[in-house]
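Understanding the architecture of this molecule
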Amino acid sequence: MIKKAIAVMTSGGDAPGMNAAARAVVRTALHEGVDVYGIHNGYKGMIGDDIEQLNSRSVSDLIQRGGTFLGTARSKEFKTPEGRKKGFENLQKRGIEGLVIIGGDGSLTGGSLMSKEFGIPIVGLPGTIDNDVWGTDYTIGADTAANTIVEAINKLRDTASAHRRIMIVEVMGHKSGWLAMTTGIAGGAEYVLVPEVKFDLDDMCHELKDAYERGKRYSIIVVAEGACDAIGLGTVVEEKTGIDTRVSVLGHIQRGGSPTVEDRMKASMLGEKAALAIISGVTNVVFGFDAGKVVSINLFEAVNNKKTLDPELVRLARMLA
Ligand code: F6P
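The following refers to the structure shown.

Next up on the list: the nonpolar core. The biggest cluster of nonpolar side chains holds 76 residues, and the ones touching the most others in it are Val8, Ile102, Leu125 and Ile221. Sort the elements by how many residues they give to this core and helix α5 (residues 142-163) lands first, with eight residues. Both domains that furnish three or more residues to this core are identified here as domain 1 (5-141 + 259-304) and domain 2 (142-255). Formed by 25 residues, the second largest nonpolar core is a distinct cluster that contains Ile51, Phe78, Val286 and Ile297.

Okay, structure coming up:
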């Protein structure tokens, strides 16, 4: 049971809705009579003692904003035991008794190490546009990013159709194809290339050529960044098909923007849950969603398992292409 203070931080790649989650953590803890500290710039700020006490007003005018008001970073130093010790001491000296971490796989792994090494209570919230945290079918920010991508695909369709082109769209996801698969289906793509599934380039080019010869006006190929080099793919596809091909790399546009209603709602629900849980003495859990309901996942299981791409999505993308 926590009596005095908790801290909240965002870590790794930012994701729309992180603000809504942190806001919910802060307001819930204050409502429960517990002080809240905000750690700036993730583990980097924890090590550098960039920590400030927050009040209810610190989190006003935030629910609609993308990014994270706390700042975020990827820290190499925190991967060392010395770095983690430094970070922990900065929490200890303020009387911080528990930590809520909002971030992806790597960030939650950092929390699991702190828990093991120092016994500090940790509650994690999955925050990443990649939707690749094990045990939850939802991560904060993935819905907003998916909507941003689909909006871009809609626009690319117009110009692809006007010129009878093949349009290749590269989306984020080094190891995870969730964003590509979901937006490929929602954007009506002909092909979706993801790191988890092998694809046959010759077959794809052959089918494309054939379809254009039969009158097809344009095609959309969504490529996860980890599947292959999209620019190189564009050159090869154009060579093999003889069809005018263009490549759009969406890049960090996908990470920004005002969170969708889904991200605001779910992040708020998770933030409240995280604060109540940690204050009541719960530790080593990640809160996520399963079939629309908040679920609690063991932190160590979450970081030691790899989420796989739902084969149903792969099947559906193929079926509807
Ligand atoms: O993990 C989230 C993510 O957006 C990945 O999809 C992407 O590969 C990576 O972060 C990019 O990281 P950075 O902003 O550090 O280049």
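So, next bit.
Within a sheet, adjacent strands bond to each other through the backbone by hydrogen bonds, running parallel or antiparallel. The seven strands lie next to each other as β3-β2-β1-β4-β5-β10-β11, forming an open sheet whose pairing is mixed. One side of each edge strand has no neighbouring strand; the edge strands of this open sheet are β3 (51-54) and β11 (293-298). Neighbour to neighbour, the strand axes of the sheet diverge by 30° on average, direction disregarded. Strand direction decides the pairing type here: strand β5 (residues 122-126) and strand β10 (residues 285-290), joined by two bridges, are parallel. Looking at the pairing, Gly124 lines up with Val286 of β10.

Near the ligand the following residues occur: Arg74, Thr128, Ile129, Asp130, Met172, Gly173, His174, Glu225, His252 and Arg255. For the ligand, an oxygen atom lies 2.6 Å from a polar atom in the side chain of Asp130. Between the ligand and Gly173, the relevant distance is 3.4 Å, taken from an oxygen atom to a main-chain nitrogen or oxygen of the residue. Protein coverage of the free-state accessible area of the ligand, which is 400 Å², stands at 72%. Here the shell around the ligand is composed, by residue class, of two nonpolar, four polar and four charged. Domain assignment of the residues forming the shell around the ligand places at least three in each of domain 1 (5-141 + 259-304) and domain 2 (142-255).

About the cut-offs
Residues numbered from 1 in each chain as written. Predicted model: local features only at pLDDT ≥ 70, side-chain atom pairs only at ≥ 80, totals over all residues. Heavy atoms only, no water. Core = buried A, V, L, I, M, F, W, Y, C linked by side-chain atoms within 4.5 Å. Buried < 20%, exposed > 50% of the residue type's maximum accessible area, 1.4 Å probe, protein only. Helix = DSSP H or I, 4+ residues; strand = E, 2+ residues; numbered from the N terminus. Domains from an automatic or database assignment. Pairing = 2+ DSSP bridges. Axes fitted to C-alpha atoms, helices over the stretch in contact; angles between N-to-C directions. Near = heavy atom within 4 Å. Polar contact = N/O pair within 3.5 Å; in protein donor to acceptor, adjacent residues only side chain to side chain. Areas by Shrake-Rupley, 256 points an atom, 1.4 Å probe, with all protein chains shown as cover. Nonpolar A, V, L, I, M, F, W, Y, C, P; charged D, E, K, R; others polar.

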